[in-house]
Each structure stands twice: as structure tokens, then as C-alpha cells.
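# Structural overview for review
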Amino acid sequence: MNSKIVAGNWKMNCDRSEAARLAGEILDLLDAQDIPGVDVVLAPPYVHISEIAGLLEGRRGTFTGAQNCSMHQKGAYTGEISAQMLKSAGARYVILGHSERRRDFHENNGQLTQKLERAFEADLRPIFCCGESLDERDGGSHFDAVKTQLEPVAGLPAEFFSKLVIAYEPVWAIGTGRTATPDQAQEMHAFIRKHLSSDKDHAAGIPILYGGSCNDSNAAALFAQPDINGGLIGGASLKAGSFVQIARSFPS
Ligand code: PEP
């Protein structure tokens, strides 16, 4: 498990053959030049997880992730997918609390607390997302907004902190082409680290990823910041060359 991570959130894109092709292109590029010390995570739609996990099997530093999981363990929840099912399909990571799920599916802190519990029970590594809206940033309440969103992780027992990943994704930067500046991102990442470290020593080493219009042109400046440990990448993760270039953007 590396503390530098670049994760691709494919969202609801790619049919089966497109997903296999994209993963294959990414693996070819990674084979051409290894990226030591960086975990690369591919998070396709649920239905492609086992196929992508099969392609990644036996490779060092590449993992499959899911984009969500149910807050329930099992049972009569039509259409839901459990964390345990994702683990058995080959997922090792799960993105939780993405702003699209908070906004479009009304996910709240109570539900996200349960999803985190399910993820840890299934031995999945959660990538827990947080990030303020434009109104919150303009109104100066961005730190408070992020602190509130982090309540489900701040309450976790200390032993889970070694598996936790945080993604800071300002909503105004997601899919907009407007990236947080390296200084803005660093300021929030340092705040998150300090906030989570206040009563738990383990929190100091948590990977905190930046997400929001991160691409192969701006990743290096972002990843050069001391508290930015990688990226959660949306649009640019659908282009193999850009995505792998982002994964190569850490300072040497
Ligand atoms: C995301 O949705 O997690 C994301 C970061 O998207 P984009 O990179 O397209 O802004």
C-alpha cells in the first residue's frame, strides 16, 4: 500500500468493450514505464469491476475500485450492491461520499457513516470525498463545510485510519475545467490533516487526494504541495495517456 495514489473515477462511462480497452491501454502505458511508489486505482462502473480486476490481477501497484457501496450488509435492498460483493468481485478501494452522490442521491453523514463501516468490514479501502460548493467558498464557510462533511471519518476508531484515504474535491472544480490553485488546495489539505490529526496520531499519514479538473498539465504543480498525496481524477481518467501522465506527475 503506497501513500501516493492516483485514482480514476470513470463514473457512468464505458460499455464493456470500451472499459476493457481503456484499462488495457492504461496497463500498456504503465508496463512501458513503471511508476514506483504510486498506487494506481481504476474505478469503473460496478458491472465492469470483475473484468477489470481480472486484467489487473497479479500486478503490483494497480487496484480496482468501486464508485459507491450500499450502507447495508445484505438482504432485501433491490438494486443495491454490498461492500462484500465488491470485495468478492475484486475491488480493493471504494469511493464514498462523492459530491455527485451527495447532491443527486442525497447521501448524508448518517448514511456515509454506515457505508464506511460496511467498507471496513469488507476490507475495502475507502476514498472518502469532501469539498465545498462555490457559495460556501465565496461566503468564507469552506473550512466549516468540509469539517461537517468529515464527521463520519472523524468519528472512526483509530485502527481504521491506516486504511482511510481522503479526497478533497471542491464542487466548483469538478468537471468545470476550473481547478483549485495549488495554494488553495494545499491550504485545505493541511486543514483536513490537522483536523483529523487532532485526536488521532494515525491521521498524520492519511493520503489526501485532490480532485477537480486535475489533468496532465496541472497535476505536477498540485502534487508538489506537501499535503497533496495524489489525485482523484474524473474526465482525464477516461484518456489513458492523460491519466498515466498524471500518475507520473509526482516530484522525484
Ligand atoms: C470527480 O468527479 O471525482 C472529478 C474529480 O472529476 P473531474 O476530474 O472531471 O473534475
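So, a few notes on the structure that sits alongside this text. (Residues numbered from 1 in each chain as written. Predicted model: local features only at pLDDT ≥ 70, side-chain atom pairs only at ≥ 80, totals over all residues. Heavy atoms only, no water.)

### Details of the pairing of strand β4 (residues 93-96)
Filter applied, for reference: Categorising residues by exposure relies on relative accessible area from a 1.4 Å probe, with only protein chains included: less than 20% of the type maximum marks a residue as buried, more than 50% marks it as exposed, and the intermediate range marks it as partly exposed. Counting from the N terminus, the helices are DSSP H or I runs at least four residues long and the strands are E runs at least two residues long. Only when DSSP finds a minimum of two bridges between them are two strands counted as paired. If the strands point away from the viewer and the path from the first strand over the helix to the second runs clockwise, then the crossover is right-handed.
Every second residue of β4 is oriented toward a common face, with Y93 and I95 on one face and V94 and L96 on the other, all of them buried. Across two bridges, strand β3 (residues 62-66) lies against β4 in parallel orientation. Looking across to β4, one finds that G65 is bridged to Y93. Note that the unit made of β3, helix α3 (residues 83-89) and β4 has a crossover that is right-handed. Where β4 meets strand β5 (residues 125-130), four bridges bridge the pair, whose relative direction is parallel. By the bridge assignment, I95 is partnered in β5 with I127.

### Concerning the nonpolar core
Selection rule: Definition of nonpolar core: a set of buried residues of the types Ala, Val, Leu, Ile, Met, Phe, Trp, Tyr and Cys, connected through side-chain atoms within 4.5 Å. In this description, contact between two residues means that some pair of their heavy atoms is separated by no more than 4.5 Å.
Judged by nonpolar contacts, the single largest core of 62 residues is most densely connected at I166 and I192. By residue number, the principal contributor to this core is helix α1 (residues 16-32), which donates six residues. Contact partners of I192, with chain neighbours within four places excluded, come to C130, V146, L150, I166, Y168 and I208. The next biggest cluster of nonpolar side chains, apart from the first, holds 12 residues, and it includes I127, V165, L209 and L232.

### Overview of the side chain of T64
Here T64 shows up in strand β3. Among the residues examined, T64 registers a relative accessible area of 2% and is labelled buried. Those residues within four positions of T64 in sequence are excluded, and the remaining contacts are V41, L42, P44, I49, I52, A53, L56, G90, A91, R92 and Y93.

### What about the site of the ligand?
Note the threshold: The near set for a molecule or strand comprises every residue that places at least one heavy atom within 4 Å of it. Definition of a polar contact: a pair of N or O atoms within 3.5 Å, with one able to donate and the other able to accept a hydrogen when the atoms are protein atoms, and with sequence-neighbouring residues admitted only if both atoms are side-chain atoms. Here, Shrake-Rupley sampling with a 1.4 Å probe gives the accessible areas, and only protein chains in the shown set may cover a residue. Under the scheme applied, nonpolar residues are Ala, Val, Leu, Ile, Met, Phe, Trp, Tyr, Cys and Pro; charged residues are Asp, Glu, Lys and Arg; polar residues are all the others, including Gly.
Taken together, 14 residues form the shell around the ligand, and within it K11, H98, E169, G175 and S213 come nearest. Taking K11, its side chain carries an N or O atom lying 2.5 Å from an oxygen atom of the ligand. For the ligand, whose free accessible area comes to 290 Å², the fraction covered by protein is 95%. Residues belonging to the shell around the ligand are distributed by class as follows: four nonpolar, eight polar and two charged.

Function-wise, these values are silent; they only describe arrangement.
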